[in-house]
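# Report on the structure
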Amino acid sequence: MAAGFRLQLTLLRRSPGELQVLFTVPLYTLVFLSVSVHTGHRDLASYAVLAPVLIALWSMALFTAGDLIGQDRADGLLETVVATPTALISPVTGRIGAVVTVSLLSFGEAWIVAEAAFGIHLVPRHPVLLVACLLLSAFAMVGTAATMACAFVLTRSARIFQNSLSFPVYLLGGVLVPVGMLPGPVQPLSRLVFLSWSSGLLRDCFAPAAVSAPTARLAAIAGLGLAGYLAAGLLMRRILRRVHALGTLDLA
């Protein structure tokens with residue numbers, strides 16, 4: 001896992017285009033803040049600042065999960081990696097973790113845009129809880145994306161799945177619109193998406209009122225993330241057994 005982390009950091013330095021999502025964060029922040037400011041809802045600035053951050057984190061994790069499998073297959077490396085004694089899920093998780101770690105820079109980008117373009121200075125009222133939530137959200141992001149990577153081993157091209165999984169997760173995760181405003185039948189489903197817990201808790205960290213049930217909400221994020229890691233490990237083993245039996249690892 002550590003080797004995968006270091007490898008991905010090296011690849012990012014050599015291919016800065018892989019970080020293109022970070023270039024869209026200021027644009028998303030400008031759009032969302034413009035809507036909140038010009039409609040007279042400056043109190044919703046935290047929504048507009050946090051939404052691009054969560055979008056960047058999930059987008060980078062999801063696209064990396066698919067691209068690294070597809071690229072390794074195209075380069076003829078996937079079979080070699082699978083043949084090593086280490087389980088494939090370990091380097092995959094490390095590589096996704098490197099991208100998610102770098103993506104945390106998006107939080108600073110959105111914060112700077114709010115300050116420089118709109119004069120909005122967001123002060124976290126619960127800074128320790130904010131840091132804890134961000135770190136646990138990154139942890140859950142990696143675990144969930146690793147589960148997606150398992151499915152990408154079975155497909156020749158992951159791009160269609162990457163595109164189709166982005167916006168449903170943003171919606172169910174309450175990234176911009178709170179979960180409480182979603183249709184009633186959808187709300188229980190959204191609670192299975194860790195982003196619904198992360199987005200709500202992150203916004204509450206900027207509210208002056210005391211945060212309700214912070215420990216339980218952090219536990220929900222950690223639990224869903226851990227479930228992703230466990231599912232990824234089990235699925236990867238089963239999928240690799242299948243492609244080994246069929247001899248289709250390099251073909252999908």
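Residues numbered from 1 in each chain as written. Predicted model: local features only at pLDDT ≥ 70, side-chain atom pairs only at ≥ 80, totals over all residues. Heavy atoms only, no water.

To continue, consider the overall build of the protein chain. A tally of regular secondary structure across the protein chain gives eleven helices and zero strands. Secondary structure of the protein chain in N-to-C order comes out as α-α-α-α-α-α-α-α-α-α-α. The C-alpha radius of gyration of the protein chain comes to 19 Å, within 12% of the 18 Å expected for a compact globule of 252 residues. Each principal axis of the C-alpha atoms in the protein chain carries an extent, and together these give about 60 × 40 × 30 Å. Counting only residues that meet the buried cut, the protein chain has 46% of its 252 residues in that class. Summed over all atoms, the accessible surface of the protein chain reaches about 12200 Å², with 69% contributed by carbon and sulfur. For the protein chain, the separation between the mean place of its 16 positive charges and that of its 10 negative charges on side chains is 8 Å. (Helix = DSSP H or I, 4+ residues; strand = E, 2+ residues; numbered from the N terminus. Rg over C-alpha atoms; globule rule 2.2 N^0.38 Å. Buried < 20%, exposed > 50% of the residue type's maximum accessible area, 1.4 Å probe, protein only. Areas by Shrake-Rupley, 256 points an atom, 1.4 Å probe, with all protein chains shown as cover. Lys, Arg positive; Asp, Glu negative; His and termini not counted. Charge placed at Lys NZ, Arg CZ, Asp CG, Glu CD.)

One can describe the packing of helix α2 (residues 20-38) onto helix α3 (residues 45-74) by two numbers: an axis separation of 8 Å at closest approach and a directional angle of 155°. With respect to their mutual orientation, α2 and α3 come out roughly antiparallel. In the crossing of α2 with α3, the sense of the turn from one axis to the other is right-handed. Where α2 approaches α3, its residues Val21, Val25, Tyr28, Thr29, Phe32, Leu33 and Ser36 are matched on the opposing element by Ala45, Ala48, Val49, Ala51, Pro52, Ile55, Ala56, Ser59 and Met60. (Axes fitted to C-alpha atoms, helices over the stretch in contact; angles between N-to-C directions. Parallel < 35°, antiparallel > 145°, perpendicular 65-115°, else oblique. Left-handed = near helix turned anticlockwise from the far one by under 90°. Contact = heavy atoms within 4.5 Å.)

Before going further, it helps to examine the environment of Ala114. Secondary-structure assignment places Ala114 in helix α6 (residues 105-118). Placed 84 residues apart in sequence, Ala114 and Ser198 show a C-alpha to C-alpha distance of 21 Å. The contact partners of Ala114, leaving out residues within four places of it in the chain, are Leu33, Val49, Gly119 and Ile120.

So, about α6. The end-to-end C-alpha distance of α6, which contains 14 residues, comes to 20 Å, matching closely the 20 Å that a straight helix rising 1.5 Å per residue would cover. By the burial criterion, the buried members of α6 are Ser106, Phe107, Ala110, Val113, Ala114 and Phe118. For α6, the angular spread of the buried residues around the axis is 130°, confining them to a single face. Relative to its buried face, α6 has exposed residues pointing more than 90 degrees away, namely Leu105, Ile112 and Ala116. (Expected span 1.5 Å × (residues − 1). Arc of directions from axis to C-beta.)

We now examine a nonpolar patch on the surface. Together, Phe139, Leu226 and Leu230 give the surface a local cluster of nonpolar side chains, amounting to about 280 Å² of exposed area. Inspection of the secondary structure assignment puts Leu226 in helix α11 (residues 214-246). Given the relative accessible area of 45%, Leu226 is considered partly exposed. (Patch = residues over 30% accessible without salt bridge, like charges linked within 9 Å, V, L, I, M, F, W, Y side chains within 5 Å. Salt bridge = Lys/Arg side-chain N within 4 Å of Asp/Glu carboxyl O.)

Taking 1.5 Å per residue, 13 residues should reach 18 Å; helix α1 (residues 2-14) reaches 19 Å between its end C-alpha atoms and fits that length. All of the buried residues in α1 are Gly4, Gln8 and Leu12. Around the axis of α1, the buried residues are gathered within 75° of arc, so they sit on the same side. Facing away from the buried side of α1, by more than 90 degrees, are the exposed residues Arg6, Arg13 and Arg14. Looking at the packing, one finds that the buried side of α1 touches α3 and α5 (89-103).

Right, let's get into the packing of aromatic side chains. Counted under the stated rule, the structure contains five aromatic pairs. Taking 4.7 Å as the distance between ring centres and 35° as the angle between the ring planes, the aromatic pair formed by Phe139 and Tyr229 counts as tilted. Within this pair, whereas Phe139 is found in helix α7 (residues 127-153), its partner Tyr229 is found in helix α11, the two being separated by 90 residues in sequence. According to the relative accessible area criterion, Phe139 is partly exposed, its value standing at 31%. Put simply, the rings of Phe107, Trp111 and Phe206 pair up and form one aromatic cluster. (Phe/Tyr/Trp six-rings, centres within 6.5 Å; stacked < 30°, edge-to-face > 60°.)

Everything listed here is a matter of geometry and, on its own, says nothing about what the molecule does.
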